[in-house]
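This is what each chain is made of:
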Amino acid sequence: LHQVLGHMDDVVLVKIINLQGADLSTGDTAVQLMALSEAWVKEDCSYGIVPNTEEDLCEPLAVALEGEKIVAYIFGHFYEQQNNTSNIPKGCRCFSVDELYVQPEYRGQGIGKDLFRMLEEKVKHSCDCITLTTSTKNYKSILKLYIEELGMCFHSAFLFKQTGNKEGKLCE
């Protein structure tokens, strides 16, 4: 699966790849993904995110490439629902999106949507639902992307407010 998109002045290729780097001639897929993960942490746009190690990366994985450079990625894992919930029954085969990241200069151009849709196409015959949890500080953009544009359903929200009993800032 691959799709060529016209983004910015360059062509960005969105495709499913394997972690061994066979699809990238430089063979540094994991190195690039971990560098992007580090960049995400430095952006400070999500609560509690830590940089990936090579062990954190899993397949299926889709990337957006500008030449051989990965500019965005999405990956996740399959799981079986362990208990009944209000909307997912016990035993349901699910796919969880672990991470979706697009470099800041490529945002707002549909690359994240394209990556999600490509991964959805890849996994939809192997699961009953796609799930994700997000800890973004920009909740409005996440709701717009996942609910309005990608058709996901909103299930719950975990909100918090700092009481002042602990030094340091927990939320902004």
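## Some points on the nonpolar core
In terms of nonpolar packing, the biggest core is built from 24 residues, with Ile 74, Ile 111, Leu 115, Phe 116 and Tyr 146 touching the most fellow members. For this core, the elements supplying multiple residues, two or more each, are β2 (10–17), β3 (61–66), β4 (69–80), β5 (93–102), α2 (111–123) and α3 (139–149). Of all the elements, α2 adds the most residues to this core, at six residues. Residues within four places of Tyr 146 in sequence aside, it is in contact with Leu 100, Phe 116, Leu 132, Gly 151 and Met 152. Ala 30, Leu 36, Leu 57 and Leu 61 belong to the second largest nonpolar core, which has 13 residues in total.

## What about unusual backbone geometry?
Backbone torsion omega between Glu 59 and Pro 60 reads 10 degrees, so that peptide bond is classified as cis. Here Pro 60 lies in the loop between α1 (29–43) and β3. At Asp 44, a position not held by glycine, the phi torsion is positive, near 55 degrees. Within the secondary structure, Asp 44 sits in the loop between α1 and β3. On the basis of relative accessible area, Asp 44 is assigned to the partly exposed category, the value being 44%.

## Topic: the pairing of strand β6 (residues 129–132)
With burial as the criterion, only one face of β6 is covered, namely that bearing Cys 129 and Thr 131; the residues Ile 130 and Leu 132 on the opposite face remain uncovered. Note that β5 and β6 share four bridges and pair parallel. Among the inter-strand pairings, Ser 96 is bridged to a residue of β6, identified as Thr 131. Since β5 and β6 lie parallel, the crossover through α2 that links them has a hand, and here it is right-handed.

## Quick word on the packing of aromatic side chains
By the definition in use, this model includes five aromatic pairs. Judged by centre distance (5.2 Å) and plane angle (25 degrees), the ring pair of Trp 40 and Tyr 101 falls under stacked. A residue pair is termed long-range when its members are at least 10 positions apart, and Trp 40 in helix α1 and Tyr 101 in strand β5 qualify at 61 residues. Per residue, the accessibility class of Trp 40 equals that of Tyr 101, and both read buried. Aromatic pair Tyr 73 and Phe 75: ring centres 5.9 Å apart, planes at 15 degrees, arrangement stacked.

## Re the pairing of β3
Burial analysis of β3 places six of its six residues in the buried class, the great majority of the element. In β3, alternate side chains face the same way, and those of Leu 61, Val 63 and Leu 65 on one face and Ala 62, Ala 64 and Glu 66 on the other are all buried. Pairing geometry for β3 and β4, over six bridges, is antiparallel. Counterpart to Glu 66 in the pairing with β4 is Lys 69. Following β3, the chain reverses through two residues before pairing antiparallel with β4; Gly 67 in that reversal takes a positive phi of roughly 70 degrees.

## Regarding the pattern of salt bridges
Enumeration over the complete set of coordinates arrives at five salt bridges. Measuring nitrogen to oxygen at the nearest pair gives 2.9 Å for the salt bridge that ties Asp 44 to Lys 137. A residue pair is termed long-range when its members are at least 10 positions apart, and Asp 44 in the loop between α1 and β3 and Lys 137 in the loop between β6 and α3 qualify at 93 residues. Linking Lys 124 and Glu 121 is a salt bridge whose minimum nitrogen-to-oxygen distance equals 3.1 Å.

Conventions adopted
Here the residue index of a chain counts from 1 through its sequence in written order. Since the coordinates come from a predicted model, pLDDT governs what is reported: local features require at least 70, and pairs of side-chain atoms require 80 or more to be given and counted, while whole-chain, interface and lining totals use all residues. The basis for every side-chain value is the complete set of non-hydrogen atoms in the structure, without hydrogens or water. To qualify as a nonpolar core, a set must consist of buried Ala, Val, Leu, Ile, Met, Phe, Trp, Tyr and Cys residues joined through side-chain atoms within 4.5 Å. Partly exposed residues are those whose accessible area sits between 20% and 50% of the maximum for their type, while under 20% is buried and over 50% is exposed, using a 1.4 Å probe and protein chains only. Numbered from the N terminus, helices here are DSSP runs of H or I no shorter than four residues, and strands are runs of E no shorter than two. Two residues qualify as a contact provided that any one of their heavy atoms is within 4.5 Å of a heavy atom in the partner residue. Strand pairing is assigned whenever DSSP detects at least two bridges linking the two strands. By the criterion used throughout, a crossover qualifies as right-handed when its path from the first strand across the helix to the second strand runs clockwise, the strands pointing away from the viewer. Note on aromatic pairs: the rings of Phe, Tyr and Trp (six-membered ring only in Trp) are paired at centre separations within 6.5 Å, and the planes decide the class, stacked below 30 degrees, edge-to-face beyond 60, tilted for the rest. Should a side-chain nitrogen of Lys or Arg be within 4 Å of a carboxyl oxygen of Asp or Glu, the pair is scored as a salt bridge.

Purely spatial values, then, with no claim about function.
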